[in-house]
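Chain and residue survey
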Amino acid sequence: MSITIKDDAGVAAMRTACRLAAEVLDAITPHIQPGITTLDIDRLAAEHMAKQGTRSATVGYQPPGYPPYPAHLCTSVNHVICHGIPNDKVLKKGDIVNVDVTVITPEGWYGDTSRMFEIGEVSIAAKRLCALTYDAMWLGIEQVRPGARLGDVGHAIQKFAEGHNLSVVREFCGHGIGQRFHEEPQVLHYGKPGTGEELVPGMIFTVEPMINLGRRDIKEMPDGWTIVTRDRSLSAQWEHTVLVTPTGHEVLSLSAGSPPPPAFVQ
Ligand code: MF3
Ligand code: CO
Ligand code: CO
């Protein structure tokens, strides 16, 4: 299956799906405090999805070679890079956690977005990692326009992250999205300018860099899902779903509670 180009109706449906995913994050945000468990976060999100009339794309999600994913979202704490499974461990002051939400609308469209949350006061290093990863995502998004190439997106992210002595995870990437969760193309968060797929209006994909304080090497946990940094250094991730428009791009996964874009974004 190749890259799908969304028509006006598809774009409208994706605007809705992505906004709804972001609104799940908005709804859980006030509750993400010291003392909550990631399973509590999962439950709150499930309730909000029910209220919206969406369903989680992750419950039972089973790519080839994986066990079925057991939760409504992913919660990746500290050295967990991605795909952390909610559990009954309490979040404590100083933790950082990525919450990654993918919903399916009743019409069958997928919206995918994630944010970092700081639990109470966190270390300067953790704060810096979260902030720089946010900027890296936006620098990637800013490359998106017709005629640009996916390598431009990856390069912008890699150059910025490595320039700050951070490392970019290579094994997981952004992806096309629409009426399926993970479509072509793969959106690498590293690369060379002027290489890769050329962007065309109507493409929709995620930009979701995973960036580590230490080395880029990963390890998979025995649960078959959870990915951690091999050196146990902290890892951060942010994710937006982005549409290529005739003049540039539109970020679809924005909501009233989205953090503002960095100052360098016009
Ligand atoms: N939402 C993740 C992404 O950004 C995928 C999670 S798959 C799961 O692509 F099964 F781990 F939930
Ligand atoms: Co996601
Ligand atoms: Co994604």
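The structure contained in this document is the topic of the report that follows. Just so it is clear, the model here is predicted, and its values are computed rather than measured.

**Focus: the overall build of the protein chain**
- For the protein chain, the count of helices and strands is 4 helices and 15 strands.
- Against the compact-globule benchmark of 18 Å for 266 residues, the protein chain has a radius of gyration of 17 Å, which places it among compact chains.
- Within the protein chain, contacts between residues separated by at least 24 positions form 72% of all contacts whose residues are at least 6 apart in sequence.
- If you sum the accessible surface of the protein chain, you get close to 11,500 Å²; carbon and sulfur atoms cover 54% of it.
- Side-chain charges of the protein chain comprise 23 positive and 30 negative groups, with the mean position of each set lying 5 Å from the other.

**Considerations on the site of ligand 1**
- As a structural note, the neighbourhood of ligand 1 is formed by 14 residues, with Thr58, His175, His182, Glu208 and Glu239 the closest of them.
- The side chain of His182 places a nitrogen or oxygen atom 2.8 Å from an oxygen atom of ligand 1.
- For ligand 1, whose free accessible area comes to 340 Å², the fraction covered by protein is 97%.
- Considering only residue class, the shell around ligand 1 consists of 5 nonpolar, 5 polar and 4 charged.

**A few points about the side chain of Asp152**
- Structurally, Asp152 can be placed in helix 4 (residues 150-163).
- One buried charged residue, Asp152, remains without a salt bridge, the closest side chain of opposite sign being Arg145 at 5.1 Å.
- Apart from the residues lying within four places of it in its own chain, the contact partners of Asp152 are Gln143, Lys192, Pro193 and Gly194.

**Focus: the nonpolar core**
- By size, the foremost hydrophobic cluster in this structure holds 34 residues, and its most contacted members are Leu199, Phe205 and Val207.
- Mapped by element, the contributors of at least two residues to this core are helix 3 (124-142), helix 4, strand 9 (204-207) and strand 14 (240-244).
- With residues up to four places along the chain from it excluded, the contact list for Phe205 reads Val144, Leu150, His175, Gly176, Ile177, Val187, Leu199, His240, Thr241, Val242 and Val244.

**Some points on the coordination of the cobalt ion (ligand 2)**
- Protein ligation of the cobalt ion (ligand 2) involves Asp100 (OD), Asp100 (OD), Asp112 (OD) and Glu239 (OE), the donor distances falling in the range 2.0 to 2.4 Å.
- Taken together, the 6 donor atoms coordinating the cobalt ion (ligand 2) span angles of 59 to 165 degrees at the metal, a pattern that classifies the geometry as irregular.
- Sequence positions of the donors to the cobalt ion (ligand 2) reduce to the motif D-x11-D-x126-E.
- Between the cobalt ion (ligand 2) and the cobalt ion (ligand 3), a spacing of 3.3 Å is present, and a bridge between the two is formed by Asp112. In this pair, Asp112 is assigned in strand 5 (residues 110-118) and Glu239 in the loop between strand 13 (235-237) and strand 14, connecting sequence segments 127 residues apart.
- Overall, the relative accessible area of 2% leaves Asp112 in the buried class.
- Exposure remark for Glu239: the relative accessible area of 0% places this residue in the buried category.

The rules behind each value
- Residue indices begin from 1 for each chain and proceed along its sequence in written order.
- Whichever chain is written first becomes A and whichever ligand is written first becomes 1, with later ones labelled in order.
- Note on the predicted model: pLDDT of at least 70 is required for a residue's local features to be given, and 80 or more for side-chain atom pairs to be given and counted; whole-chain, interface and lining totals, by contrast, use all residues.
- To obtain the side-chain values, all non-hydrogen atoms of the structure were used and water was disregarded.
- Runs of E in the DSSP output that reach at least two residues are strands. Runs of H or I that reach at least four are helices, and both are numbered from the N terminus.
- As a reference, a globule follows 2.2 Å times the number of residues to the power 0.38, and the radius of gyration itself is taken over C-alpha atoms.
- Residues are treated as being in contact if the distance between any of their heavy atoms lies within 4.5 Å.
- For the area figures, the Shrake-Rupley method with a 1.4 Å probe applies, and any residue is considered shielded solely by the protein chains shown.
- When charges are counted, Lys and Arg are positive and Asp and Glu negative, with His and the chain ends excluded.
- Charge positions come from single atoms, namely NZ of Lys, CZ of Arg, CG of Asp or CD of Glu.
- Distances are taken per atom, and a residue is near a molecule or strand as soon as one of its heavy atoms is within 4 Å of it.
- Polar contacts here mean pairs of N or O atoms no more than 3.5 Å apart (in protein, one a potential hydrogen donor and the other a potential acceptor; neighbouring residues in sequence count only if both atoms are side-chain atoms).
- Three residue categories are used. Nonpolar comprises Ala, Val, Leu, Ile, Met, Phe, Trp, Tyr, Cys and Pro, charged comprises Asp, Glu, Lys and Arg, and polar comprises the others, including Gly.
- Summary of the burial criterion: residues with accessible area below 20% of their type's maximum are buried, those above 50% are exposed, and those between are partly exposed, where the area comes from a 1.4 Å probe applied to protein chains only.
- Within this document, salt bridges are pairs made up of a side-chain nitrogen of Lys or Arg and a carboxyl oxygen of Asp or Glu, the two lying within 4 Å of each other.
- Here, the term nonpolar core denotes a set of buried Ala, Val, Leu, Ile, Met, Phe, Trp, Tyr and Cys residues that are joined through side-chain atoms within 4.5 Å.
- Coordinating N, O and S atoms are those within 2.8 Å of the metal (3.2 Å for Na, K and Ca), and as water is not part of the atoms, a site may appear to have fewer donors than expected.
- Think of it this way: with four donors and all angles in the 85 to 135 degree range, the site is tetrahedral; with four or six donors, opposite ones beyond 155 degrees and the rest between 65 and 115, it is square planar or octahedral; otherwise it is irregular.

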